[in-house]
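# Overview (structure and organization)
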Amino acid sequence: MKPLTSDLQLKRLRLSGFKSIELCDLELGGLNVLIGANGAGKSNLLSVFDLIKALVTGNLQRYILINAGCESMLHYGSKNTDKFIIKLSFEQFMYEASFTPAGNDKTLIDETLSSPNARLIIKDINQSQLNKVTVEKESSDKNTLNEKIDYYRSEIPFPSVSNKGYESIAKAMSEELYWLDQENPNNTNPVKPRIETKKAVQSLIHTANQFRVYHFNDTSDSARIKKHNQVNDNIYFRSDGSNLTAFLYLLKQVYPKSYSQIVDTIKIVAPFFHDFHLRPEPVNNEIIMLEWFANGYDQPFKAFQLSD
């Protein structure tokens, strides 16, 4: 298994009762390949990443509604499954969320963020904000806001932060939490932790925002992947591949090693392929169209002349 290259990469994915997947427990590496027959559940598994992205960015209800509701996401429906559960494990923290159908086409979530290697600090918040967050092992004799804040500021373990509601409070919590260096537990000042961000929930949000499911299901002659691109449409690679040419052009100019890896990989499955011919249009250098060379030919071919 190819090793992970960052603490923010997902190392384990567990699912229960989600769509066609009754139970799933996957240990993940730096590169993972799903192989299965049509209808085996590959697309359903990948759709989890779109769901998590919608959840932590505050768009859960909209995402579930436009995807036929929570009922359609339960394994064989609500008569068989009352909720589905997603668990994500990273090097420094774990995230778990359960999803249950509620009234008025809404979905109730129960989420928990936990880590064995961090402590919780709450700062600059008012009473109503404090009530949003439940910390395990809270002392019942701490009644006032200042007493609670002082208690949370003490060096207690950070077992979990939980929430129940219709939307994730990840955004709100990300403003209230930050991490301390566990190698120096007596230092109460915020310092750079072993993970890339200072805030636990911000780490989750940052990671989830990187989730992108690529699905190149349209390979017809009218597919956007075969049409002109704006040369500057290269900030990120779009999930439908519509800016493939502009993105390849950027890679060739700025990241030649990565570009060469792509070309070499294509040659494994298409030995006749020589290279892409990436050039802005001579009469309009703001647009670019996918072209490629075959071995032994000096005339470029268009994308539609390559087999799907």
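Presented here is an overview of the structure given in this document. (Residues numbered from 1 in each chain as written. Predicted model: local features only at pLDDT ≥ 70, side-chain atom pairs only at ≥ 80, totals over all residues. Heavy atoms only, no water.)

The phi torsion at Lys 19 lies on the positive side, around 50°, for a residue other than glycine. Position of Lys 19 relative to the elements: it lies in the loop between strand E1 (12-18) and strand E2 (21-27). A positive phi angle, close to 60°, is found at Tyr 76, a residue other than glycine. (Helix = DSSP H or I, 4+ residues; strand = E, 2+ residues; numbered from the N terminus.)

A ring pair, where both rings are aromatic, is described by two values, the distance of the centres and the angle of the planes. Inspection of every chain in the model, using the stated rule, returns eleven aromatic pairs. On the basis of an interplanar angle of 55° and a centroid distance of 6.4 Å, the ring pair of Tyr 259 and Phe 276 is categorised as tilted. Highlighted residues: Tyr 259 in helix H8 (residues 256-269) and Phe 276 in strand E9 (residues 273-276), separated in sequence by 17 residues. Owing to a relative accessible area of 5%, Tyr 259 belongs among the buried residues under this scheme. On the basis of relative accessible area, Phe 276 is assigned to the buried category, the value being 10%. Here the aromatic residues Tyr 259, Phe 272, Phe 273, Phe 276, Trp 292, Tyr 297 and Phe 301 are joined through ring pairs into a cluster of three or more. (Phe/Tyr/Trp six-rings, centres within 6.5 Å; stacked < 30°, edge-to-face > 60°. Buried < 20%, exposed > 50% of the residue type's maximum accessible area, 1.4 Å probe, protein only.)

Here we come to helix H7 (residues 244-254). If you check which residues of H7 are buried, you get Leu 244, Thr 245, Ala 246, Phe 247, Leu 248, Tyr 249 and Leu 251. Looking at the packing, one finds that the buried side of H7 touches strand E8 (229-230), H8, E9, strand E10 (280-281) and strand E11 (284-288). (Contact = heavy atoms within 4.5 Å.)

Bringing the pairing of E2 into the picture now. Inspection of the sheet shows E1 paired to E2 by six bridges, in the antiparallel sense. Looking at E2, one finds that Leu 15 is bridged to Cys 24. Hairpin connection between E1 and E2: a loop of two residues separates the two successive antiparallel strands, and Lys 19 in this loop has a positive phi of roughly 50°. (Pairing = 2+ DSSP bridges.)

Let us now look at the sheet that holds E9. Spatial ordering of the open sheet is given by E9-E12-E13, a layout of three strands whose pairing is antiparallel. With partners counted over all chains shown, the strands left at the sheet margins are E9 and strand E13 (301-302), one partner each. Bridge analysis of strand E12 (residues 291-294) against E13 gives two bridges, and the strand direction is antiparallel. Of the residues in E13, the one forming a bridge with Glu 291 is Lys 302.

Before going further, it helps to examine the nonpolar core. Judged by nonpolar contacts, the single largest core of 36 residues is most densely connected at Leu 13 and Ile 86. Elements with a minimum of two residues in this core: E1, E2, helix H1 (42-56), helix H2 (60-66), strand E3 (84-89), strand E4 (94-101), strand E5 (107-114) and helix H6 (200-210). Residue contributions to this core peak at eight residues, all from H1. The residues touching Ile 86, leaving out its near neighbours within four places in the chain, are Leu 13, Arg 14, Leu 15, Val 48, Leu 51, Ile 52, Tyr 95, Glu 96, Ala 97 and Phe 99. Counting 21 residues, the second largest nonpolar core, distinct from the first, contains Ile 225, Val 231, Phe 247 and Val 263. (Core = buried A, V, L, I, M, F, W, Y, C linked by side-chain atoms within 4.5 Å.)

The next subject is the layout of surface pockets. Any space left empty among the atoms is revealed by the rolling of a water-sized probe across them. Taken as a whole, the second largest pocket spans an internal volume of roughly 330 Å³. Lining the second largest pocket are 14 residues; nearest its centre among them are Leu 46, Asp 50, Val 213, Tyr 214 and His 215. (1 Å grid on protein atoms, 1.4 Å probe; cavity = no way out; pocket = protein on both sides within 12 Å on 5 of 7 lines; lining within 4 Å. Points joined across faces, edges and corners; volume = space filled by probe spheres on them.)

Right, let's talk about H1 for a bit. Listing the buried residues of H1 in full gives Leu 45, Ser 47, Val 48, Phe 49, Leu 51, Ile 52, Ala 54, Leu 55 and Val 56. Backbone geometry just after H1 places Gly 58 at a positive phi near 80°.

Further remarks concern the sheet that holds E8. Spatially, three strands are ordered E8-E11-E10 in an open sheet, and the strand pairing comes out antiparallel. Each edge of the open sheet carries a strand with a single partner, namely E8 and E10. Where E10 and E11 come together, two bridges link them in antiparallel fashion. Each bridged residue has a counterpart across the sheet, and for Glu 281 the counterpart in E11 is Asn 284.

This part is about a nonpolar patch on the surface. The grouping of Leu 31, Val 33 and Ile 35 at the surface amounts to a nonpolar patch, some 390 Å² of accessible area in total. Following the sequence through the fold, Val 33 ends up in the loop between E2 and H1. (Patch = residues over 30% accessible without salt bridge, like charges linked within 9 Å, V, L, I, M, F, W, Y side chains within 5 Å. Areas by Shrake-Rupley, 256 points an atom, 1.4 Å probe, with all protein chains shown as cover. Salt bridge = Lys/Arg side-chain N within 4 Å of Asp/Glu carboxyl O.)

Before going further, it helps to spend a moment on the pattern of salt bridges. When the charged atoms of two side chains lie near each other, side chains of opposite charge can form a pair. Applying the stated criterion to the full structure yields seven salt bridges. Arg 12 is the salt-bridge partner of Asp 25, the closest N and O atoms lying 2.6 Å from each other. Of this pair, Asp 25 sits in strand E2 while Arg 12 sits in strand E1, placing them 13 residues apart in sequence. Classification of Asp 25 as partly exposed rests on a relative accessible area of 43%. With a closest N to O distance of 3.0 Å, Asp 233 and Arg 238 form a salt bridge. According to the relative accessible area criterion, Asp 233 is partly exposed, its value standing at 21%.

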